[in-house]
Amino acid sequence: MAVAPVVPDRHPPAFARRGWYRRNEIALTPWLFLAPGVLFFTVYVVLPIFQSFGISLYRWDGLGEATYIGLANYRELTTDRAFEISLWNNLRWLVLYLLAIPLGLGIALFLNQTVTGIRLYKSLFFFPFVISQVVVGLVFSWFYLPNAGLLNLILGWFGVSLNVLGDPDLATYGIIVAGLWPQTAYCMILYLTGLNAVDPEQVEAARLDGAKGWKMLWYVIVPQLRPATFIAFVVTIIGALRSFDLISIMTNGGPFGSTRVLSFYMYEKALAEFGFRMGYGAAIAVILFLIMLCFIAYFLWSIWREERGGRG
Amino acid sequence: MRSILTALAATTILSGAALAEAHGPDLTGTLRIVSDMSNPAPRAVMEDLAERFEEMHPDLDVELQVIDREAWKTQIRNTLSANPPDVVNWYAANRMMPYVNAALFEDVSDVWEEIEGLDSVKGALTIDGAQYGVPYTYYQWGVYYRQDIFEELGLEEPETWEQEIANCQVILDSGRKCYTIGTKFLWTAGGWFDYLNMRTNGFDFHMALARGEIPWTDDRVRQTFANWRELIDMGAYIDNHQNYSWQEALPFMVNGEATSYLMGNFAVAPMRDAGLTDDQIDFYQFPAIGEDIPMAEDAPTDTFHIPAGAENKEAAREFLKFVVSADVQTDINRGDALGQLPVNAQSEVDEDKFLEQGFAMLSQNSPGGVAQFFDRDFPAEMAALGMEGLQEFMVYPDNLEDILQRLEQARQRIYAN
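Residues numbered from 1 in each chain as written. Chains lettered and ligands numbered in written order. Predicted model: local features only at pLDDT ≥ 70, side-chain atom pairs only at ≥ 80, totals over all residues. Heavy atoms only, no water.

As annotated in an unreviewed UniProt entry, chain B carries the name Multiple sugar-binding protein and is attributed to Jannaschia seosinensis. Per UniProt, chain B carries the Sequence similarities (unreviewed entry) text "Belongs to the bacterial solute-binding protein 1 family." (UniProt positions renumbered as here; feature names shortened; annotations may be inferred.)

Labelled according to an unreviewed UniProt entry, chain A appears under the name L-arabinose transport system permease protein AraP, originating from Jannaschia seosinensis. Comment text from UniProt for chain A, heading Sequence similarities (unreviewed entry), reads "Belongs to the binding-protein-dependent transport system permease family." Within the UniProt record for chain A, the comment given under Subcellular location (unreviewed entry) is "Cell membrane".

J.: Got a sec to walk through the overall build of chain B? Specific residues and values, please.
T.: The helix and strand inventory of chain B stands at 19 helices and 13 strands. In terms of overall dimensions, chain B is globule-like: its C-alpha atoms have a radius of gyration of 22 Å, near the 22 Å expected for 417 residues. Overall size of chain B, expressed as C-alpha extent along the three principal axes, is 65 × 50 × 50 Å. Counting only residues that meet the buried cut, chain B has 57% of its 417 residues in that class. Look at the contacts in chain B between residues 6 or more apart in sequence, and 75% of them connect residues 24 or more apart. Carbon and sulfur atoms form 47% of the exposed surface of chain B, whose accessible area is close to 16800 Å². In chain B, 28 side chains carry a positive charge and 70 a negative one; their mean positions are 6 Å apart. (Helix = DSSP H or I, 4+ residues; strand = E, 2+ residues; numbered from the N terminus. Rg over C-alpha atoms; globule rule 2.2 N^0.38 Å. Buried < 20%, exposed > 50% of the residue type's maximum accessible area, 1.4 Å probe, protein only. Contact = heavy atoms within 4.5 Å. Areas by Shrake-Rupley, 256 points an atom, 1.4 Å probe, with all protein chains shown as cover. Lys, Arg positive; Asp, Glu negative; His and termini not counted. Charge placed at Lys NZ, Arg CZ, Asp CG, Glu CD.)

J.: I'd like to hear about the overall build of chain A, residue by residue, with values.
T.: From N to C terminus, chain A includes 15 helices and 2 strands. Taking 312 residues into account, the globule formula puts the C-alpha radius of gyration at 20 Å, and chain A, at 27 Å, lies well above it. Taking the principal axes of its C-alpha atoms as reference, chain A extends roughly 105 × 70 × 40 Å. By element, 69% of the accessible surface of chain A is carried by carbon and sulfur atoms, the whole surface being about 19300 Å².

J.: Give a detailed account of the pairing of strand β2 (residues 60–66) of chain B, specifying residues and quantitative values.
T.: Along any regular strand the residues' side chains alternate between the sheet's two faces. Residues and elements named next belong to chain B. The pairing of strand β1 (residues 29–35) with β2 spans 7 bridges and is classified as parallel. Bridging across to β2, Ser35 finds its partner in Val66. Note that the unit made of β1, helix α2 (residues 40–56) and β2 has a crossover that is right-handed. (Pairing = 2+ DSSP bridges. Right-handed = clockwise from strand over helix to strand, strands pointing away.)

J.: Explain the sheet that holds strand β7 (residues 141–146) of chain B to me, and be specific about the residues and the numbers.
T.: Residues and elements named next belong to chain B. Read across the open sheet, the 4 strands follow the order β8-β9-β7-β10; overall the sheet is mixed. Of all strands in the sheet, those bounded by a partner on one side alone are β8 (177–179) and β10 (281–284). In this sheet, adjacent strand axes meet at a mean angle of 25° when their direction is disregarded. Pairing geometry for β7 and β10, over 4 bridges, is antiparallel. Paired with Tyr144 across the bridge in β10 is Phe283. Of the strands in this sheet, β8, β9 (258–264) and β10 touch helix α8 (residues 161–173), which is tilted by about 140° from β8. (Axes fitted to C-alpha atoms, helices over the stretch in contact; angles between N-to-C directions.)

J.: Account for the interface of chain A and chain B, naming residues and giving values.
T.: For an interface, size is often stated in terms of accessible area lost upon the parts coming together. Each side of the interface is counted separately: chain A has 31 residues, and chain B has 30 residues. Across the chain A/chain B interface, buried area totals approximately 2400 Å², and carbon plus sulfur atoms make up 52% of it. On inspection of chain A and its partner chain B, the count reaches 7 salt bridges. Among the ionic pairs, Lys269 of chain A bridges to Glu381 of chain B, the shortest N-O distance being 3.3 Å. At the junction of chain A and chain B, the tally comes to 15 residue pairs in polar contact (both at pLDDT 80 or more). Its residues placed into classes, the side of chain A that touches chain B shows 14 nonpolar, 8 polar and 9 charged. (Buried area = accessible area lost by both parts, 1.4 Å probe. Salt bridge = Lys/Arg side-chain N within 4 Å of Asp/Glu carboxyl O. Polar contact = N/O pair within 3.5 Å; in protein donor to acceptor, adjacent residues only side chain to side chain. Nonpolar A, V, L, I, M, F, W, Y, C, P; charged D, E, K, R; others polar.)

J.: Mind laying out the packing of aromatic side chains, listing which residues take part and the relevant values?
T.: Taken as a whole and judged by the stated rule, the model has 54 aromatic pairs over all chains. Note on Tyr139 of chain B and Phe266 of chain B: the rings are 5.4 Å apart at their centroids and 85° apart in plane angle, and the pair reads as edge-to-face. With a gap of 127 residues between them, Tyr139 of chain B in the loop between β6 (134–138) and β7 and Phe266 of chain B in the loop between β9 and α13 (268–273) connect regions that are remote in the sequence. Tyr139 of chain B sits in the buried class, given a relative accessible area of 9%. For Phe266 of chain B, a relative accessible area of 24% gives the class partly exposed. By the ring-pair criterion, three or more aromatic residues cluster together here, those being Phe193, Trp216, Phe225, Trp228, Phe374, Phe378 and Phe393 of chain B. We note Arg277 of chain A situated over the ring of Tyr280 of chain A; from NZ or CZ to the ring centre the distance is 4.3 Å. For the cation-ring pair, Arg305 of chain A lies above Trp301 of chain A, with the distance from its terminal atom to the ring centre recorded as 4.6 Å. (Phe/Tyr/Trp six-rings, centres within 6.5 Å; stacked < 30°, edge-to-face > 60°. Lys NZ or Arg CZ within 6 Å of the ring centre and 35° of its normal.)

J.: Explain the UniProt feature "transmembrane region" (unreviewed entry) in chain A to me, and be specific about the residues and the numbers.
T.: All names here are of chain A. Taking the UniProt record as the reference, the feature "transmembrane region" (unreviewed entry) is found at residues 26–50, 93–112, 124–145, 170–195, 216–241 and 280–301. Taken end to end, residues 26–50 is 100% helix and 0% strand, and its two terminal C-alpha atoms sit 33 Å from one another. Structurally, residues 280–301 comprises 100% helix and 0% strand, and the distance from its first C-alpha atom to its last is 32 Å.

J.: With reference to specific residues and values, describe the environment of Ala208 of chain B.
T.: Looking at the element boundaries, Ala208 of chain B is found in helix α10 (residues 203–210). Distance from Ala208 of chain B to Phe378 of chain B, taken between C-alpha atoms, is 9.9 Å for residues 170 residues apart in sequence.

J.: I'd like a rundown of the sheet that holds strand β3 (residues 87–91) of chain B, residues and numbers included.
T.: Residues and elements named next belong to chain B. Within the open sheet, the 5 strands sit side by side as β2-β1-β3-β12-β6. Their pairing is mixed. Of all the strands in the sheet, just β2 and β6 have a single pairing partner and so form its edges. Sheet twist, expressed as the average angle between the axes of neighbouring strands with direction ignored, equals 25°. Contacts from α2 reach β1, β2 and β12 (301–305), with the element oriented near 170° to β2.

J.: Summarise the domain arrangement of chain B; cite the residues concerned and give the values.
T.: Residues and elements named next belong to chain B. The domain architecture assigned to chain B consists of domain 1 (2–135 + 303–347) and domain 2 (141–298 + 368–414). Between domain 1 and domain 2, the C-alpha centre-to-centre distance is 32 Å. The partner domain 2 presents 7 residues to the 7 residues of domain 1 that form the contact. Applying the counting criterion to the domain 1 and domain 2 interface returns 3 residue pairs in polar contact (both at pLDDT 80 or more). Looking at the side of domain 1 that touches domain 2 residue by residue, the classes come out as 4 nonpolar, 2 polar and 1 charged. (Domains from an automatic or database assignment.)

J.: Which residues make up the UniProt feature "domain: ABC transmembrane type-1" (unreviewed entry) in chain A, and what values do they have?
T.: Mapped onto this numbering, the UniProt entry gives "domain: ABC transmembrane type-1" (unreviewed entry) at residues 86–299 of chain A. The distance separating the terminal C-alpha atoms of residues 86–299 of chain A is 24 Å; by composition the span is 74% helix and 0% strand.

J.: An account of the pairing of β1 of chain B is requested, with residue identities and associated values reported.
T.: Judged from the 2 bridges that link them, β1 of chain B and β3 of chain B form a sheet pairing that is parallel. Each residue of the ladder has a partner; that of Val34 of chain B, found in β3 of chain B, is Val88 of chain B.

J.: Please give an account of a negative patch on the surface that cites residues and values.
T.: Residue and element names in this part refer to chain B. A grouping of Glu162, Glu230, Glu291 and Asp292 is seen on the molecular surface, where their side chains present a negatively charged patch. In this fold, Glu291 is placed in the loop between β10 and β11 (296–298). The class for Glu291 is exposed, based on a relative accessible area of 72%. (Patch = residues over 30% accessible without salt bridge, like charges linked within 9 Å, V, L, I, M, F, W, Y side chains within 5 Å.)

J.: I'd like a rundown of a nonpolar patch on the surface, residues and numbers included.
T.: Taken together, the side chains of Leu39, Phe40, Phe41, Val43, Tyr44, Val45 and Leu47 of chain A make up a nonpolar region of the molecular surface, amounting to roughly 710 Å² of accessible area. Assignment of secondary structure puts Leu39 of chain A in helix α2 (residues 25–55).

In structure tokens form, the structure reads like this:
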């Protein structure tokens, strides 16, 4: 007959009896959960980056033997006019794409009201972000068509005609405008969520102090939207550097290479029908990576500063 | 005497081959074919070929995989280097060079010793004296034009450059454009350059240029561009052609806004589909420009190859022989099948106005030679830069000097490797 102990055993089990894992559980578990992510990130992202650095020092067609040529690919880049054009176009994209942020904020402020059916309007404004970039590209290339497009129909009333995508000076801007359409919708949705979090008491207080219009927006609303602005900035910069599908659909890099950006040029040189200069493509990729690295470093630094600020 | 001997030898080989085919060498195992004939009509042809070959060899299992034609242009590299099939599709001339250099295509010179009637296309499959594949179809290029508009304006098919220009002037005066073209994807401009250069300087010069032996800044090349410029300055081409693909440029011809189209024979089918009858469209050979320059033509050839790593090479070789045999060639190139020209001289050409004219042109009126096409004769990188320059020239002819300097710089780098 077993007798139940009157007092429960409050002694902790002896340490020697616990396994190594149990002893380090708290420290190990997060790493275990992270392991699959870290593994795949290393294999599919980090290692290829270093591999690209390596390949960029070779002349290689992807099939035969690779020949080590040192920095010759980079030297060639400095004299390559197509590369120069791509670089400038990347800059145009970076600067003009940022217009999506104020545009998105404007639309978000406009839609942030309670009217019957506002949800419908919101979803209509969000629609361009939902549809594929390929469709956006097609729609805009039809819009720009020189003889049948809507743009020239409208311009025709003023006696003007423009071949946006056929003119090497205009084509890039034409594509950026097409890209702004979905990007603005994206920024809008970010700001709409942000506006929900704006503190009504602060707005009330500001109103009592006599703030209204631009001042209210600039000094009271926008500072409270900082997290949303940060995210909008990040996704827009990355979106601008990733611009590929629109270019491929709308102009295929043409007319005569005037709308290429670095990512498209890299694809053309390394992977497209007449490319397969893996080393040269990798060199372009490295340059693109270094540009991105500047932004990524800045983002990481901001996040780190924010977190430290939160703790302190 | 020699030709009689060769003919005799050929007949013996042929009957030998026929005999072998009747009994059928005992092919076993699996024959894996990867094909890029993904458009509806070619796909049906390929499926039929695989089926017939399987019936001929009961012990052989034929596995056919059809891949999108455009996707195949980049996929072929992976396919050839990892787990290669036994037979693949590709293109002749310089386009197969990278795979031959990397020893990924099997030398099939032995197959060529057993087949016959393919002498006219042998050159396109030959690299350093050995053959690396067999052709299965090719098609002519030339000027497709609106016969009804020509009749209305009282024009005739031109044979010289002067006539071509005079015709064009009449067409322009009637408020139409002479030529439709869509240069968005660049290669269509390559067709124009091929013809203008082959007519101005001849086939041999054109090929020397393709091999990088002649500078782009050469005066003879400039002469080609000067001839081209005559048409551009007249306003012969439709406006904004840099916006259109070749298909998007078709409606100009269908609607009668432009009268001619320098194109490959594959343009006929969509023209017919768009409602043009054979009384409305016709074909002529690109007119002569320089005197005493033998006519030469573009006739791109599509091919079959055996990957070097294939497992069932015996069956693959039999399949190659089967594809180029006269009967099979007649069948698969019929108007309702591929609608192109058979590569075997002993095959029959289907009764089709355009196929007959094209066949006659290539077999009788192309003494200068047969080129593949700008993007197949020039090395890939030169072709890509070249076609971009050609498009720029068509839009901004004043940039010629800059374009030529650029191409010359590229030539010195590309061929040096």
